[in-house]
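# Examining the three-dimensional arrangement
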Amino acid sequence: MTVDQAKIVIIGGGAIGCSIAYHLAKAGERDVVILEKSGVTHGSTWHAAGLVGQLRSKRNLTRMLQYSVELYGRLAAETGQATDWKPVGSLRLASSNDRWSEIKRTATTARSFGFDLHLLSAVEAKQRFPYISTEGVVGGAFVPTDGYIDPSSLTQALARGARAGGIRIVEGVRVTGIKVRDRRVVGVITDQGTIRCETLVNAAGIWARDVGAMAGVRVPVAAVEHQYMVTEKMPGVAPDLPSLRDPDKNFYLKPEVGGFAIGGWEKDTVPFGARGVPFDFGRELLPSNFERFEQIVVPAAERLPILDQVGIRNLINGPIPISPDGEPIMGRAPELDNFFVACGFTSGIAAAGGAGRAMAQWIVHGEPEFDLWAFDLRRFGTHHAGLRYLYERCVESYHRYYLIHWPAEETAAGRGGRRSPLYQILNERGAVFGARFGWERANWFAPAGVEAKDTLSLEGRPNWFAHVGREHKAVREGVALFDQSSFSKFEISGSGAFDALQRLAANDLHKPPGALTYTQLCNERGGIEADLTIARLDEDRFYLCTGSGFGVRDSHWIESHLPRDRSVALRDVTSARAVVNICGPLARKVLEKATDDDVSHAAFPFMQARELRIGYAPVLALRVTYVGELGWELHIPTEYALHVYESLWAAGQEFGIVNAGYRAIESCRLEKRYLYWGADITPDYNPYEAGLGFCVALDKGDFIGARALARIKRAGPDRKLCVFTLEKPVPVYGSEAILRAGKILGVTTSGGYGHTIGKSIVFGYLPTEEAGHADYEIEAFSECIPATRLARAPYDPERKRILI
C-alpha cells in the first residue's frame, strides 16, 4: 500500500462505502481513500437480493430512497458499467384485512408525498403477477417506479464512478486499529501501515461494531443469517414481471434469470459473529438451513402454486447487518468529532444511493439536506450496545420486518433493563408498560378485572382507548400522577455556563436563579435541533431536561458548541433523579398536604423552579406542563422517589388521585397544541413556522441561528403549522394527507384523539398562502374526512387553567 495520508478515509468497499465515495467525488472531494480488507462487494453486498423499494412512513426517508432510484436509472450510462437495473415496479399483497388497512394507510402516506402508488383489487393484482393464487388476497398496492438491481454490478458502477472522480480504492488491506487524540481520529492503522486522516467513515457493514470499538465508538449493529432460495428456470417468465411481496405470507420475490429468487424473515434466525465477526470472512456463504427456511417457502407455495412444480437451484445463506430497531445507522459519532458511521443497512441496496449522498453532505457540509433523525446514530445510547440486548433486539427486529406495524406497538425483546424506582408499585397497580430508550414507562393503567395488555388496532379503537380517556379526564378535572423518570436530565455548570447556553438557546436565559425557560436550540439555518427546558439554579449552574430518547443527541449538540477552555461542565444526571409529575386542577391541594412549603401561585408562579421538601425528601420542583393544566414536575433524588410517590398518593386520596400514563399525556398535549420534537418540529422546521416565535429572543444578542431567524421573521415563514379537528372520529397517527378542494397541500405530523373535546386532532404544515382557510380534508385510510382548522389550541387557548 502506497497511501500514507488522505483527507477522508472510508472503511468498507460495499455498496454503502462506494456510494459515499462516489458522492464525495461529486461534491468535489478528491483526497479520499476506501480501505477494503478483501474485495469490493465482499461481505454482505455481493449476496444481497437486490430489491429496491422506496416508500417509507416518513417523507424524508422516502426522498432518500427515491434518489436511489433516480441514480440507478442513469448510473450505467454515466459510468459505462452495466448495473442490470430493472425498473419493473413492485406489487405488495394484503392477505388479511388488517394488512389491507395497513396498505391503505401506506397509500394515504404516499398520496401526501405525491408518491405514485396504486391500490389494486385481487383480480388486478393477478393481472400484474399472473403466478399468484388470489385465495385470501384482500387487495394490493403497486409502485411502478420500484425495481431490482444486481448488487455487485451496482457497487462496481459506484466504484468506477468514484475512481473517475479521483477517489482511490485500496483492496486487500485490513484495518487493525485507529489512532485517536483529543476527540479526533488522527490515523488508521492497517496491516500494511498507518494512514493519517482528517475524517474517518465507518462503512464496514457487518464489521462496523468491531471497527467502532477500535476508536472507542459504540455502534449497536449486529449480523444475522438471512436466507433466500433461487428456483430453477421456468419457461415464459415475462421480462417486465414486477417484484412481489406478500408480508402476511412472510416472503419477497424477484425474477432471477428465468426463475424466482424468494426470501423472507425467519422468526428464529441465528446471530453471526456475536463475539466479533471474523475479519477473514470475505466472499463467503454460511451453511444453508432448509428446515428453518420451511417457514418461508411453505407459505410462499400457498400464494405461488407453481413452486410445487419447480425445483430449487440453491439456497443462499449469508450474514446481513441489522440494528436494534431494524433501521440503518448514520451520522457523526457523539464520542468523536470526525468519526462518521454508515451501517446497519438491512436493505442496503435500496438505500445505497440516497444514503451515500446524505453521508457525503453530512461529511462536507456538517448535515444532510433534510432531517434523518430516524436513522441517526444518536438515537442509541450505552444501553443499546450491550451484546445481550443487541442480539435479542436485532433478532426480533429482523423477524418483525414483514409483521404489521401497528400504531403504538411496543417491542417484546430487550425489555426490563431500565426501571424507575416506581416500577414495582406501578406494576402492581395495573401499569401497562412501553419501552423508550431502554426504560420501562407506564403507557396506561388497566383497572381491576381488565387484562394489563395491549390489544392493537389500525382502523378501530384499541383496548386501552376508554381507560386512557379516564386518565385524561382525571388530568382535566381532578389530579393525576405520571412517572416521568425516563426524562434525560443534565446539569451544566461553570463560569462560562451562562454565556455558552445563551449562545445555544433561541430564547433568553438572562433571568434570575429560579427561572425556568422553554427554548429551542437552533442550527445556523434556524432549524430546530432540540426542544427543551432549562432551569437556572444559580448564577453559573443550570438544569436541563429533555425527552427520554433525545439525551444523546441533545447533549452531543450542546457539547459540540461548548468552549474548549474547561469553563463549562456538562454532567448527565438522568439516573440520579427520578421524576414524578403531579398535574390537574386539584394538584395544588394535594401538594399542599404533602409539603410544608408555600406552593400558592403567588409564591410559586408558572415557569419557576424551587426546592421543596415533600415528606423527608428534598425535591427540585419545576412548575411547567405538557398537558395544559396546573402541575409540577418533581425531580427527586432516586432513593427518595418511592417515598415521594407514596406521600402524594396518600395526600391525594380524598381528591380521587389516579395514576396515568404516556398515552394520556399524548392526548392532552394534542388538545393544547404542544409540539413533539422529531415529528412536529425537526431541523427541517424553524420556530416561526411552528408557531414558536415567542421563544425566539432576537434582541438578546447573537446566538446560533439568529441571523437566519431574523431574516425569516422579516420575510415571514413560507409555511405554518396548523391544527385541525376532524368531523368524524377516525384513527389518525400522523402522515395523513391534508387536502383542500381536492388539492393535496401537506402531510400531518402528529395525530390522535382529544378526549376532552371528543374529536380526532392532527397537526400539519401548510404553505402560508393556503393556511388561512377554515375548511380542509384529512385523508385517513383512503377516506377523506372533513376537517376544521383552528387558529388556536383546541383546549384552553387562553391558558387560564395553567395560571391558577
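The rules behind these values
Residues numbered from 1 in each chain as written. Predicted model: local features only at pLDDT ≥ 70, side-chain atom pairs only at ≥ 80, totals over all residues. Heavy atoms only, no water. Helix = DSSP H or I, 4+ residues; strand = E, 2+ residues; numbered from the N terminus. Rg over C-alpha atoms; globule rule 2.2 N^0.38 Å. Buried < 20%, exposed > 50% of the residue type's maximum accessible area, 1.4 Å probe, protein only. Contact = heavy atoms within 4.5 Å. Phe/Tyr/Trp six-rings, centres within 6.5 Å; stacked < 30°, edge-to-face > 60°. Lys NZ or Arg CZ within 6 Å of the ring centre and 35° of its normal. Disulfide = S-S within 2.5 Å. Patch = residues over 30% accessible without salt bridge, like charges linked within 9 Å, V, L, I, M, F, W, Y side chains within 5 Å. Areas by Shrake-Rupley, 256 points an atom, 1.4 Å probe, with all protein chains shown as cover. Salt bridge = Lys/Arg side-chain N within 4 Å of Asp/Glu carboxyl O. Lys, Arg positive; Asp, Glu negative; His and termini not counted. Charge placed at Lys NZ, Arg CZ, Asp CG, Glu CD. Pairing = 2+ DSSP bridges. Axes fitted to C-alpha atoms, helices over the stretch in contact; angles between N-to-C directions. Core = buried A, V, L, I, M, F, W, Y, C linked by side-chain atoms within 4.5 Å. Parallel < 35°, antiparallel > 145°, perpendicular 65-115°, else oblique. Nonpolar A, V, L, I, M, F, W, Y, C, P; charged D, E, K, R; others polar. Polar contact = N/O pair within 3.5 Å; in protein donor to acceptor, adjacent residues only side chain to side chain. Expected span 1.5 Å × (residues − 1).

Scanning the protein chain from terminus to terminus reveals 18 helices and 38 strands. Taking 2.2 N^0.38 as the reference for a compact globule, 804 residues should give roughly 28 Å; the C-alpha atoms of the protein chain span a radius of gyration of 27 Å, in line with that estimate. Dimensions of the protein chain along its principal axes, counting C-alpha atoms only, are 80 × 60 × 50 Å. Here the protein chain holds 804 residues, and the buried ones make up 63% of them.

Moving on, we come to the environment of V270. Structurally, V270 can be placed in the loop between β15 (259-263) and β16 (271-272). As a C-alpha pair, V270 and V395 span 125 residues in sequence and 7.6 Å in three-dimensional space. Discounting chain neighbours no more than four positions away, the residues touching V270 are V224, E225 and R292.

Our focus in this paragraph is the packing of aromatic side chains. For the coordinates displayed, the defined rule picks out 22 aromatic pairs. Above the plane of the ring of F142 lies R128, whose end atom (NZ or CZ) is 4.0 Å from the centre. The ring centre of Y765 lies 5.8 Å from the NZ or CZ of R719, which sits over that ring.

What follows deals with the state of the cysteines. On inspection of all chains with the given rule, the structure shows zero disulfides. Residue C18 stays outside any disulfide, its sulfur separated by 16 Å from that of C343, the closest cysteine. Under the relative-accessibility criterion, C18 is labelled buried at 0%. With no disulfide of its own, C784 lies closest to C722 among cysteine sulfurs, the gap being 18 Å.

A surface patch of like charges, here negative, comprises E592, D596, D597 and D598. With respect to the helices, strands and loops of the structure, D598 is situated in the loop between α15 (587-594) and β29 (609-614).

Take the pattern of salt bridges next. Pairs can form between side chains of opposite charge whenever their charged atoms are close. The full count for this structure, using the stated rule, is 45 salt bridges. Put simply, E369 and R357 hold a salt bridge, and the shortest N to O gap is 3.1 Å. Of the two residues, E369 is situated in the loop between α8 (348-365) and α9 (382-385) and R357 in helix α8; the sequence distance between them amounts to 12 residues. Of the residues examined, R357 reaches a relative accessible area of 26% and is grouped as partly exposed. Among the ionic pairs, R415 bridges to E440, the shortest N-O distance being 2.7 Å. Placement of the pair is R415 in the loop between α10 (387-399) and α11 (423-428) and E440 in strand β21 (residues 439-445), with a sequence separation of 25 residues. Looking at R415, the relative accessible area reads 28%, which means it is partly exposed. Connected via shared salt-bridge partners are K26, E70, R74 and E78.

What follows is about the pairing of strand β13 (residues 243-246). On β13, burial covers both faces: S243 and R245 on one face and L244 and D246 on the other are all buried. Direction of pairing for strand β4 (residues 90-94) relative to β13: parallel, over a ladder of three bridges. Residue pairing in the sheet places R92 in a bridge with R245 of β13. When β13 meets strand β14 (residues 251-256), the two strands line up antiparallel, connected through three bridges. By the bridge assignment, R245 is partnered in β14 with Y252. In this antiparallel pair of consecutive strands, β13 and β14, the connection spans four residues, and N250 shows a positive phi of 60°.

Glancing now at the pairing of strand β9 (residues 175-181). Sheet analysis places β9 next to strand β10 (residues 184-190), joined by six bridges and oriented antiparallel. Counterpart to V175 in the pairing with β10 is T190. The loop that links β9 with its antiparallel partner β10 comprises two residues; one of these, D182, has a positive phi angle of about 50°.

Next up on the list: the sheet that holds strand β36 (residues 759-767). Read around the closed barrel, the six strands follow the order β33-β36-β35-β34-β37-β38; overall the barrel is antiparallel. On average, each strand axis in the sheet is inclined to that of its neighbour by 45°, with strand direction left out of account.

Time to look at the nonpolar core. I10, I20 and M330 are the most contacted members of the largest nonpolar core, which has 50 residues in total. With 10 residues, α8 is the single largest residue contributor to this core. Those residues in contact with I20 that lie beyond four places of it in its chain are I10, V201, A203, A342, G356, M359, A360 and I363. Among the nonpolar cores identified, the runner-up in size contains 37 residues, and V33, V173, L336 and V341 belong to it.

So, about the packing of helix α2 (residues 59-79) against α8. Axis angle and axis distance: for two packed helices, these are the angle between their axes and the distance between the axes, and together they describe the pair. Put simply, α2 and α8 touch, their axes get as near as 7 Å, and they point 100° apart. Classified by the angle between their axes, α2 and α8 sit roughly perpendicular to one another. Within the contact between the two elements, α2 uses M64, L65, Y67, S68, L71 and Y72 and α8 uses I349, A350, A351, A352, G353, G354, A355 and R357. Within the contact of α2 with α8, the residues separate by chemical class into 10 nonpolar, three polar and one charged.

Residue placement: K37 occurs in the loop between β2 (32-36) and β3 (51-52). One buried charged residue, K37, forms no salt bridge at all, with the nearest opposite charge on E36 at 5.1 Å. A polar contact is formed between the side chain of K37 and the backbone oxygen of F281, at a distance of 2.5 Å. If we skip the residues at most four places from it in the chain, K37 touches G172, V173, R174, W207, F279, D280, F281 and G282.

Across the sheet, which stays open at both edges, the six strands sit in the order β29-β30-β31-β28-β22-β32 with mixed pairing between neighbours. Every other strand in the sheet has two partners, leaving β29 and β32 (658-659) as the edge strands with one partner each. Each of β22 (480-483), β28 (577-583), β29, β30 (617-622), β31 (631-637) and β32 is contacted by helix α16 (residues 641-651), which is oriented at about 145° to β31, the strand it contacts most.

Residue A408 is not a glycine yet carries a positive backbone phi of 65°. Structurally, the position occupied by A408 is in the loop between α10 and α11. At A741, a residue that is not glycine, the phi angle is positive and equals roughly 55°. In this structure, A741 sits in the loop between β34 (737-740) and β35 (743-754). By relative accessible area, A741 is classed as exposed at 81%.

With 13 residues, α10 ought to run about 18 Å at 1.5 Å a step, and its terminal C-alpha atoms sit 18 Å apart, in line with that. For α10, the tally of buried residues reaches 10 of 13 residues, placing the bulk of the element in the interior. Along α10, the residues classified as buried are Y389, L390, Y391, R393, C394, V395, E396, S397, Y398 and H399. Next to the buried residues of α10 lie α6 (208-214), β12 (222-231), β16, β17 (312-322) and α9.

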